[in-house]
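Summary of structural features
Residues per chain are reported as follows:
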Amino acid sequence: MKMYDLINKKKHGEILTAEEISWIVNGYLSGEIPDYQMSAFLMAVCLKGMNVRETTDLTMAMAHSGDILDLSAIEGKKADKHSTGGVGDKTTLVICPMAAALGVPVVKMAGRGLGHTGGTIDKLESIPGLRTSLSEEEFIAQVKRCGMAIVGQTAQLAPADKKIYALRDVTATVDNISLIASSIMSKKIAAGADVIVLDVKTGSGAFMQTLEEACALARLMVQIGEAAGRRTCAVISDMSQPLGYAVGNAIEVDEAIRTLMGQGPEDLLEACITLASYMLTGVGRAKDEAEARKLLMGTIRDGSALQKFAQFVREQGGDDSYVFHPERLPEGSCVCELPAWEGGYVTSIRTDEVGMAVQELGGGRATKESRIDFGAGLKLCKKLGDSVKPGETVAVLYTNEEEKLKDASLRLRNAYTIGPVPAEGKSHIYGVITGDGETIVDEVTENAAFIQNRDQESRGQ
Ligand code: URA
């Protein structure tokens, strides 16, 4: 086989065989296929797409490019969650300790920032000492001891995805449904959890900007997960504005910790409780969502989720004093407030641009080799629907490199639209797709009607 021919084949929209896909994945991993050919191939996939069969083959080739974790040494059903990527999305840092505090073993393999979105591993590394790179033995031992582990991809787990992910991040080849589905599901399958809860984001800060695209991505991932024998469910959630108020790395860890302390923003808490409730029902720890929600809120109220997070930090080598004193986390020394340029209401936020503003401040990577400034980030003071007076602070920006403030402020200013009429509130959760069926809430009627139940319809019920 020749990579040139396969790039050409995909460029013309032809369907690749399982053998060809596996050859590309293994060739890139071994270094026989160089970055420039892989980049061209990924761009061809972005432009011409892949069908479900090709996507499943790509997922399996990446999952099997390394080890498939055997978690049988850990008792009980293991749960995992994954987001398709958002801005200000620190849900993992809240959900995992809540679920683990209730005795659900959480095995979480997380990623780094991708495109305009942040990554859990980058965020966690802002806690001094915390190790995100564990061997398989250490990973299993950590879950047995603590009930949860959050690690980056090891060299052994889905290494092909790791290499392709880093390339996509810098070649504008992120926002393709097949590439996202296969990237996420290859990691989830390799990481070995029995129950997988997916958070599929939709809106201006998501890779899938419309509800329709998000549903298509969710269905594809649920299909792949169920085919691999994992109980998989996808929650479709809103990303038309950042989740919570903090966007960056250390600043998001701070907000997640405050949420565990019971002082978090409502939208973030609601997203966390919803996602975690599917983990609990999936493993059988709660009989229904109502019971799960009650149990989860209890872990915030009694402090057990915060204690679990501190234990996790400690046992993965981090300094847990930061959990009890999050104000000590890194914060950029150069600070600038963005004043409102006119009065009115926040009517829309280009959330991807908010993510790019954080990148410009130093919170993301411009190239594969870039180093992250953990103290870079921003705190939004105004969100959708909020009223704004001229000159009032819309957001506060942080960085350690003063020269970055000007461009980032301009970018953030352009991300906001202020208008005379308040924006309609968005429902945060649009629906849920499982292997048994789906319930999607209509974006227009907002929670008023359940408009779809595919499997019941297809079974003629
Ligand atoms: N998260 C991933 O792990 N991969 C993607 O492609 C997008 C989000």
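About the criteria used
- Residues numbered from 1 in each chain as written.
- Predicted model: local features only at pLDDT ≥ 70, side-chain atom pairs only at ≥ 80, totals over all residues.
- Heavy atoms only, no water.
- Helix = DSSP H or I, 4+ residues; strand = E, 2+ residues; numbered from the N terminus.
- Rg over C-alpha atoms; globule rule 2.2 N^0.38 Å.
- Buried < 20%, exposed > 50% of the residue type's maximum accessible area, 1.4 Å probe, protein only.
- Domains from an automatic or database assignment.
- Contact = heavy atoms within 4.5 Å.
- Buried area = accessible area lost by both parts, 1.4 Å probe.
- Salt bridge = Lys/Arg side-chain N within 4 Å of Asp/Glu carboxyl O.
- Polar contact = N/O pair within 3.5 Å; in protein donor to acceptor, adjacent residues only side chain to side chain.
- Nonpolar A, V, L, I, M, F, W, Y, C, P; charged D, E, K, R; others polar.
- Core = buried A, V, L, I, M, F, W, Y, C linked by side-chain atoms within 4.5 Å.

The next point concerns the overall build of the chain. When you go through the chain residue by residue, the secondary structure sums to 18 helices and 14 strands. Taken over C-alpha atoms, the radius of gyration comes to 21 Å for the chain, in line with the 23 Å a tight globule of 461 residues would show. Considered along the principal axes of its C-alpha atoms, the chain spans approximately 60 × 50 × 45 Å. Residues counted as buried form 58% of the 461 residues belonging to the chain.

Splitting the chain by domain gives domain 1 (3-49), domain 2 (79-326) and domain 3 (331-419). Centre-to-centre separation of domain 1 and domain 2, based on C-alpha positions: 30 Å. Facing the 12 residues of domain 1 at the interface are 11 residues of domain 2. Each partner contributes to the roughly 1,100 Å² buried at the junction of domain 1 and domain 2, and carbon and sulfur atoms together form 79% of this total. Looking at the side of domain 1 facing domain 2, the largest losses of area belong to Y28, L29 and L42, adding up to 47% of the total buried there. Summed over the shared surface of domain 1 and domain 2, the result is zero salt bridges. Between domain 1 and domain 2 we count two residue pairs in polar contact (both at pLDDT 80 or more) in total. Of all the secondary structure elements, the ones that give two or more residues to the side of domain 1 that touches domain 2 are α2 (18-30) and α3 (35-48). Top element by residues in the side of domain 1 that touches domain 2 is α3. It accounts for seven residues. Classifying every residue of the side of domain 1 that touches domain 2 gives eight nonpolar, three polar and one charged.

For the rest of this paragraph, the subject is the nonpolar core. Membership of the largest hydrophobic core comes to 81 residues, with the highest contact counts inside it found for M98, I127, F309, F312, L378 and L412. Sorting elements by how many residues they give to this core places helix α12 (residues 266-283) first, with 10 residues. Split by domain, this core shows at least three residues from each of two domains, domain 2 (79-326) and domain 3 (331-419). Setting aside anything within four residues of it in sequence, one finds L412 in contact with L338, V354, A357, L378, A395 and L397. Judged by nonpolar contacts, the second largest core, of 28 residues, contains Y165, I189, A218 and I440.

So, about the pattern of salt bridges. Taken as a whole, this structure holds 25 salt bridges when the rule is applied. When the shortest N-O distance is used, the salt bridge between E289 and R293 registers 3.5 Å. Of this pair, E289 and R293 are both found in helix α13 (residues 289-301), four residues apart, which corresponds to roughly one turn of the helix. Classification of R293 by relative accessible area gives partly exposed; the value is 23%. Here the residues in one salt-bridge network are R350, D352, E353, E360 and R411, joined through shared partners.

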